[in-house]
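# Overview (structure and organization)
Chain by chain, the residues run as shown.
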Amino acid sequence: MDNKLLTGNKIRPEIRELKPYKSPFFKYRIKLDLNESPFDIPAEVKEKIFDKMRGFLWQRYHDEFEEPLISSIGDYFGYPGQGILIGNGSNELIFHALLAVVLAERAVVYPEPSFSLYRQNVVVLGGKPAPFSLRLDDFSVDADKVIELAGSLDAAAVVLCSPNNPTGGRTPNEDIEKVCNSVDALVVVDEAYAQFAEDNAFELLEKCPNLVLLRTFSKAFGLAGLRFGFALCAPEIAGEIRKIQLPHHVNFFTQVAALTMLENPTLIDERVSAIKQGREFLQKELSDIPRLKPYPSEANFILVEFEGIAPDKVFDRLLARGILVRNISNYPDLAHCLRITVGRPEENEEFIGALKEVLG
Ligand SMILES: Cc1ncc(COP(=O)(O)O)c(C=O)c1O
């Protein structure tokens, strides 16, 4: 049906031009495409969550978990609760943080290639997308270039992704600090993959009042399906962003599950170290294969560049063997690349065997 008839042309033209953010669906046996944890929540932890859920009244709103959850996150990460915001995944918090500063036509500076949701959010909010290119040789951030762009556009926000998806590199803290201190803008650093990295920007929170760090339970914590993320920032900023959040926006099942996961920190540590070992295995194996370049990664995925064969072909041939990876060859500057999520040890081995076959 022509939606003009329904809306009298009130749907904004920039929304009409957007495509919904959706990952394509493929049938697979081994899933190495969306950077999720390869490890499910152990059955006994799920049982604990179900037991708690059975005891609560589902017909009520449940605001009683938010405070303990925030204080538990605060204890786990060593940060005061007034500066912690929770959300339905960190994606929702990117949106909320930008909503606090983006007005019609205000610019938001963000990296390319990176997570495509940044541009989508800026467009939805009526802001002006202002992408900057990562350095072509190693996909690092040129802090001076970011500062110049943000200054010239009087940007409302600068978004950085560290480690960056899909390139895998981390932006050093001195560069993040320099950006924070040199721009009159909110600086949102998406640290969805922080647990797999050598360092993170946590220590900068004390020094940089315009910094918002985004973290998620979707990767290291293995809760992607339940949608939980949180932000760390100055209490003043948290207080403003909190006004944007809708009542009871994080459902209480998710809150109970997140609380329960925080009671099991050793489980998370063990899994993170297993994923890092898997990453090392893949790095080593991939670098032994001719005409293929794995980029260094501090995340739970590896960017791989192919020479002499189209990534589409590699993707299709892997999929024919039941192995699903992420085809990112349509991203800016990544025409020869695929992204591989680190899987369980046996999945990583099977992937390497299949890749060798595919490349013949
Ligand atoms: C850079 C980045 N941020 C955030 C997320 C995940 O967000 P969420 O916490 O909403 O699951 C992803 C997931 O792929 C990501 O790559």
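Residues numbered from 1 in each chain as written. Predicted model: local features only at pLDDT ≥ 70, side-chain atom pairs only at ≥ 80, totals over all residues. Heavy atoms only, no water.

## Some thoughts on the state of the cysteines
Here is the rule we go by: Criterion for a disulfide: a pair of cysteine sulfur atoms within 2.5 Å. Think of it in three bands: with a 1.4 Å probe and only protein chains considered, a residue is buried below 20% of the maximum accessible area for its type, exposed above 50%, and partly exposed in between.
Counted according to the given criterion, the structure contains zero disulfides. Of the cysteine sulfurs around C208, a residue in no disulfide, the closest is that of C180, at 4.0 Å. Left without a disulfide partner, C233 is nearest to the cysteine sulfur of C180, which lies 12 Å away. Judged by relative accessible area, C233 falls into the buried class, the value being 0%.

## Overview of the pattern of salt bridges
As a reminder, the rule being used: Here, a salt bridge means any Lys or Arg side-chain nitrogen found within 4 Å of an Asp or Glu carboxyl oxygen. Secondary structure counts use DSSP, requiring at least four H or I residues in a row for a helix and at least two E residues in a row for a strand, with both numbered from the N terminus.
Under the counting rule described, the total for this entry stands at 18 salt bridges. K178 serves as the salt-bridge partner of D144, at 2.7 Å between the closest nitrogen and oxygen. Remark: K178 occurs in helix α8 (residues 173-182) and D144 occurs in helix α7 (residues 143-153); sequence separation between them is 34 residues. Overall, the relative accessible area of 37% leaves K178 in the partly exposed class. Between E346 and R344 there is a salt bridge, with the nearest N and O atoms lying 2.9 Å from each other. The class for E346 is partly exposed, based on a relative accessible area of 48%.

## Examining the domain arrangement of the protein
Keep this limit in mind: Domain segmentation is taken from an automatic or database assignment of domains. Contact between two residues is taken to exist if any of their heavy atoms lie within 4.5 Å; hydrogens are not considered. Buried area is understood as the total, over both parts, of accessible area removed when two parts are fitted together, assessed with a 1.4 Å probe. Each polar contact in these results corresponds to two N or O atoms within 3.5 Å; when the atoms are within protein, one needs to be able to donate a hydrogen and the other to accept it, and residues that are neighboring in sequence are counted only if both atoms are side-chain atoms. Amino acids are sorted into nonpolar (Ala, Val, Leu, Ile, Met, Phe, Trp, Tyr, Cys and Pro), charged (Asp, Glu, Lys and Arg) and polar (every other residue, Gly among them).
Split by domain assignment, the protein resolves into domain 1 (3-41 + 266-359) and domain 2 (57-264). Each of domain 1 and domain 2 has a C-alpha centre, and these two points are 22 Å apart. Counting residues at the interface gives 35 residues for domain 1, matched by 39 residues for domain 2. For the pairing of domain 1 and domain 2, the buried interface totals around 3000 Å² over both sides, and the portion due to carbon and sulfur atoms is 61%. Summed over the three residues of domain 1 that lose the most area to domain 2, namely Y21, I268 and E298, the buried surface amounts to 24% of that side. Summed over the shared surface of domain 1 and domain 2, the number is one salt bridge. Salt-bridge contacts for E298 lead to R170; the nearest nitrogen and oxygen are separated by 3.0 Å. Connecting domain 1 to domain 2 are 14 residue pairs in polar contact (both at pLDDT 80 or more). Where the side of domain 1 that touches domain 2 is concerned, the elements lending two or more residues are α2 (13-17), α11 (265-287) and β10 (301-306). In terms of residues, the side of domain 1 that touches domain 2 owes the most to one element, α11, which gives eight residues. In the side of domain 1 that touches domain 2, the residues fall into 19 nonpolar, five polar and eleven charged.

## With respect to the side chain of S90
Along the chain, the position of S90 falls in helix α5 (residues 89-101). With a relative accessible area of 6%, S90 lands in the buried category.

## Side note on the sheet that holds strand β12 (residues 337-341)
Strand-to-strand pairing in sheets goes through backbone hydrogen bonds, with the strands running parallel or antiparallel. Test applied: A pair of strands counts as paired when DSSP detects no fewer than two bridges linking them. Every angle, taken between N-to-C directions, lies between 0 and 180 degrees, and every axis is a line fitted to C-alpha atoms, over only the stretch in contact when it is a helix.
Ordered by their spatial adjacency, five strands build an open sheet running β1-β11-β12-β10-β9, and the pairing between neighbours is mixed. Both edges of this open sheet fall to β1 (30-32) and β9 (292-294), since each of them pairs with a single strand only. Adjacent strand axes in the sheet meet at a mean angle of 30°, parallel and antiparallel pairs treated alike. Sitting on the sheet, α11 touches β9 and β10, and the angle it makes with β10 is about 10°.

## Describing the site of the ligand
Spelled out, the test is: Residue proximity to a molecule or strand is established when one non-hydrogen atom of the residue lies within 4 Å of it. Here the Shrake-Rupley method, with its probe set to 1.4 Å, supplies the accessible areas, and only the displayed protein chains count as covering residues.
Near the ligand lie 14 residues; those nearest to it are D190, Y193, T216, S218 and R227. Measuring from an oxygen atom of the ligand, one finds a backbone N or O atom of N91 at 3.0 Å. Within the side chain of Y193, a nitrogen or oxygen atom sits 2.6 Å from an oxygen atom of the ligand. Bound to the protein, the ligand loses 92% of the 400 Å² it would expose on its own. Take the shell around the ligand: its biggest share by element is three residues, from α5. Within the shell around the ligand, the residues separate by chemical class into five nonpolar, six polar and three charged.

## Here we look at the packing of α7 against α8
Helix-helix packing is characterised by the crossing angle of the two axes and by the distance between the axes. Note the threshold: Put simply, angles under 35 degrees are roughly parallel, angles over 145 are roughly antiparallel, angles from 65 to 115 are roughly perpendicular, and the rest are oblique. By definition, any crossing whose near helix is turned counterclockwise from its far helix by less than a right angle is left-handed, and any crossing with a clockwise turn is right-handed.
Running from N to C, α7 and α8 point in directions that differ by 20°, and their axes come no closer than 9 Å. Between α7 and α8, the crossing angle belongs to the class labelled roughly parallel. The two elements α7 and α8 cross, and the hand of that crossing is right-handed. In contact with A143, D144, V146 and I147 of α7, α8 contributes D175, K178, V179 and S182. Along the lines of polarity and charge, the residues of the contact of α7 with α8 split into four nonpolar, one polar and three charged.

## Looking at a negative patch on the surface
Here is the rule we go by: Each patch is built from residues that are more than 30% exposed by relative accessible area and take part in no salt bridge. Like charges join if they lie within 9 Å; nonpolar side chains (Val, Leu, Ile, Met, Phe, Trp, Tyr) join within 5 Å. Under the counting rule used here, the positive set is Lys and Arg, the negative set is Asp and Glu, and His together with the chain ends is not counted. Note on charges: their place is set at NZ of Lys, CZ of Arg, CG of Asp or CD of Glu.
On the surface, E198, D199, E203 and E206 cluster together into a patch of negative charge. You can see E206 is positioned in the loop between β6 (186-190) and β7 (211-216).

## Structural notes on the nonpolar core
Let me state the cut-off plainly: Note on terminology: a nonpolar core comprises buried Ala, Val, Leu, Ile, Met, Phe, Trp, Tyr and Cys residues joined through side-chain atoms within 4.5 Å.
Of all hydrophobic cores here, the largest spans 95 residues; its most connected members are L211 and F351. In terms of residues, this core owes the most to one element, helix α10 (residues 252-262), which gives seven residues. Counting the residues that make up this core, at least three belong to each of domain 1 (3-41 + 266-359) and domain 2 (57-264). When residues no more than four places from it in sequence are discounted, the contact partners of F351 are L32, L282, L286, L318, I323, V325 and I340. Of all hydrophobic cores here, the second largest spans 28 residues; its members include V101, V108, L125 and A234.

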